[in-house]
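If you want the building blocks of each chain, they are given just below.
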Amino acid sequence: MSSETPFQISVSDEQLAILHKKLELTTFPDELEGMSPAGEYGTPLADMRRLIAYWKDTTTGGRFGSLNIHYIHKRSEVANAIPLLFVHGWPGSFIEATKIMPLLLQASPDHPSFHVIAPSLPGYGFSAAPTKKGFSLSQYAETCHKLMLALGYDEYVTQGGDWGYMITRRMARLYGGPHIKAWHTNFPLGGPPKRGFGPLSYLWRLTSSGYTERDKAGLKRTESYTKNGSGYFAIQATRPQTLGYGLADSPWAYLINPGVVLTWISIYWFSRAGPTATLRIYYEATKTEGNLLHKTEPTTIPLGFSHFPKEVVIPPKKYVDSRAKSRFEADHESGGHFAAYEKPELLVGDVRKMFGKGSRAFGVVPNKNGYA
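Residues numbered from 1 in each chain as written. Predicted model: local features only at pLDDT ≥ 70, side-chain atom pairs only at ≥ 80, totals over all residues. Heavy atoms only, no water.

**Looking at the overall build of the protein chain**
Move 1: Counting its regular elements, the protein chain contains 13 helices and seven strands.
Move 2: For the protein chain, the residues scored as buried account for 52% of the 372 residues in total.
Move 3: Accessible area for the protein chain stands at about 18,000 Å²; split by element, carbon and sulfur atoms hold 53% of it. (Helix = DSSP H or I, 4+ residues; strand = E, 2+ residues; numbered from the N terminus. Buried < 20%, exposed > 50% of the residue type's maximum accessible area, 1.4 Å probe, protein only. Areas by Shrake-Rupley, 256 points an atom, 1.4 Å probe, with all protein chains shown as cover.)

Structure (structure tokens):
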């Protein structure tokens, strides 16, 4: 990671031919009569047929050692722009940053501008994958931090959701202060407060009157996700290798989630390390970290939360660790799990406010306040 070289995405004609042949040979299952478009049993057959046809017709040619990491890197024209590391999750990729990057780069006397770095996590997209067991959150955090140092950004801020939240949270704990000056997430998590979180927070948890309508709605949505939408998490956290056989051989296996656009899926199908590598983070992190949805980590640098109502897990706000030095929060009336791609203007607006003039995080990166 000591040198930077341009990366050209290249998919061979042979790879495309294999993909097309596999799609043509897809065998579809049957389906019960009267199935609703909501897909309570899973992805509706009509949707799957449509996606397979579209993918086939529109795909055309054109202790762990060192890891070769792919990333996109765009510098703002503003000399004192704030360096920002964007970290994706699963089933996302660097492509999530493509909608927020132009907005973050914009120069203005009214809001800060950012230099943006969006890597493909190890094992994802066009980055190399670790080949030894035990590569978990701290190792992903170290890789991202070393990338920033290699690019000359000794001091910077971070943004992430999904695994990006957990990785940047770990980065804030490990490198916060000397290097990472603040962090922002659109996927704040946390479990019921414990005594160690402070007496007021603990006593609040003991009384049902502490739940707002927003809290109750969030808990209901979280329960629904846990019961009906988290099956992928369970198998990827326990048997990622078994799932990998299907993903490596059958492109349609990616379409278990019809909400994922085919461009995203193609990045996984043509990934450098193969699809199984992207699943192992679930296994490694679960084994080393425990209950990830309830885990919090104390950080001392400024942090920011953006709350979107269609997020898959929405804990009460007081479940989320509030021991940070300073805190920015914003609530939105629309948007979900992939905020950078779904609601880029809202997410960027929050980041600008968090680091803008008058905010507690203004000027956290020395000599880089981002204003033109």
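**Examining helix α8 (residues 231-238)**
Move 1: Those residues of α8 that sit buried are Phe233, Gln236 and Ala237. One face of α8 carries all of its buried residues, which in axial projection span an arc of 100 degrees.
Move 2: Buried positions along α8 lie against α7 (213-228), α9 (240-249) and α11 (276-289). (Arc of directions from axis to C-beta. Contact = heavy atoms within 4.5 Å.)

**Thoughts on the nonpolar core**
Move 1: Counting residues in each nonpolar core, the largest one holds 47 residues, and the members touching the most others are Leu85, Ile117, Trp163, Met166, Ile167 and Met171.
Move 2: Listed by contribution, the elements that provide at least two residues to this core are β2 (82-87), α4 (137-150), α5 (163-175), β5 (180-185), α8, α11 and β6 (303-307).
Move 3: The residues touching Trp163, leaving out its near neighbours within four places in the chain, are His88, Gly89, Trp90, Tyr124, Leu137, Ile281, Tyr282, Ala285 and Leu292.
Move 4: Of all hydrophobic cores here, the second largest spans 27 residues; its members include Leu105, Val116, Ala339 and Val364. (Core = buried A, V, L, I, M, F, W, Y, C linked by side-chain atoms within 4.5 Å.)

**Description of the sheet that holds strand β3 (residues 114-119)**
Move 1: One open sheet holds the seven strands; their spatial order is β1-β3-β2-β4-β5-β6-β7, and the pairing between them is mixed. What marks the edges here is a single partner per strand, and that holds for β1 (71-74) and β7 (327-331). When strand polarity is set aside, the average angle formed by the axes of neighbouring strands in this sheet is 15 degrees.
Move 2: Bridge count between β2 and β3: four bridges; the pairing is parallel. (Pairing = 2+ DSSP bridges. Axes fitted to C-alpha atoms, helices over the stretch in contact; angles between N-to-C directions.)

**So, unusual backbone geometry**
Move 1: Following Trp90, the chain continues to Pro91 via a peptide bond in cis, the omega torsion being 5 degrees.
Move 2: Its place among the elements puts Pro91 in the loop between β2 and α3 (101-105).
Move 3: Located in the positive-phi region is Asp162, a residue other than glycine, with phi close to 55 degrees.
Move 4: In this structure, Asn367 takes a positive phi of about 65 degrees despite not being glycine.
Move 5: Mapped onto the secondary structure, Asn367 falls in the segment after α13 (344-355).

**Quick notes on the pattern of salt bridges**
Move 1: Counted according to the given criterion, the structure contains 11 salt bridges.
Move 2: Between Arg173 and Glu297 there is a salt bridge, with its nearest N and O atoms 2.9 Å apart. Highlighted residues: Arg173 in helix α5 and Glu297 in the loop between α11 and β6, separated in sequence by 124 residues.
Move 3: The partly exposed category is assigned to Arg173, whose relative accessible area is 43%.
Move 4: According to the relative accessible area criterion, Glu297 is buried, its value standing at 4%.
Move 5: Shared partners join several salt bridges into a network, and the residues in it are Arg169, Arg170, Arg173, Glu289 and Glu297. (Salt bridge = Lys/Arg side-chain N within 4 Å of Asp/Glu carboxyl O.)

**Structural notes on the packing of α9 against α11**
Move 1: Axis separation between α9 and α11 bottoms out at 9 Å; the angle between their running directions is 160 degrees. Relative to α11, the element α9 is oriented roughly antiparallel. Viewed along their axes, α9 and α11 form a crossing whose handedness is right-handed. Along its contact with α9, which presents Pro240, Gln241, Leu243, Gly244 and Leu247, the element α11 presents Thr276, Leu279, Arg280 and Tyr283.
Move 2: For the contact of α9 with α11, the class distribution of residues is five nonpolar, three polar and one charged. (Parallel < 35°, antiparallel > 145°, perpendicular 65-115°, else oblique. Left-handed = near helix turned anticlockwise from the far one by under 90°. Nonpolar A, V, L, I, M, F, W, Y, C, P; charged D, E, K, R; others polar.)

**Quick look at the pairing of β5**
Move 1: Here β5 lies mainly inside the structure; six of its six residues are buried.
Move 2: The pairing of strand β4 (residues 156-160) with β5 spans five bridges and is classified as parallel. Looking at the pairing, Gln159 lines up with His184 of β5.
Move 3: As paired elements, β5 and β6 share three bridges and run parallel to each other. Residue pairing in the sheet places Thr185 in a bridge with Phe305 of β6.

**Quick look at the packing of aromatic side chains**
Move 1: Evaluated as defined, the whole model comprises 12 aromatic pairs.
Move 2: Judged by centre distance (6.0 Å) and plane angle (25 degrees), the ring pair of Tyr165 and Trp183 falls under stacked. Here the residue Tyr165 occupies a position in helix α5, and Trp183 occupies one in strand β5, the gap between them amounting to 18 residues.
Move 3: When the ring of Tyr165 is compared with that of Phe187, the centres are 6.1 Å apart and the planes differ by 85 degrees; the resulting orientation is edge-to-face. (Phe/Tyr/Trp six-rings, centres within 6.5 Å; stacked < 30°, edge-to-face > 60°.)

**Here's the deal with the side chain of His337**
Move 1: Following the sequence through the fold, His337 ends up in the loop between β7 and α12 (339-342).
Move 2: There is a polar contact of 2.6 Å between the side chain of His337 and the side chain of Asp162.
Move 3: Look past the residues within four positions of His337 in its chain and what remains in contact with it is Asp162, Asn186, Phe187, Lys310, Glu311, Val312 and Glu342. (Polar contact = N/O pair within 3.5 Å; in protein donor to acceptor, adjacent residues only side chain to side chain.)

**Let's talk about the packing of α4 against α5**
Move 1: Between α4 and α5, whose axes approach to 9 Å, the crossing angle comes to 75 degrees. As the angle between them shows, α4 and α5 are arranged roughly perpendicular. Contact with α4, carried on its side by Leu137, Ser138, Tyr140, Ala141, Glu142, Cys144 and His145, involves Trp163, Met166, Ile167, Arg170, Met171, Leu174 and Tyr175 of α5 and no other residues of that element.
Move 2: Residues of the contact of α4 with α5, tallied by class, amount to 10 nonpolar, two polar and two charged.

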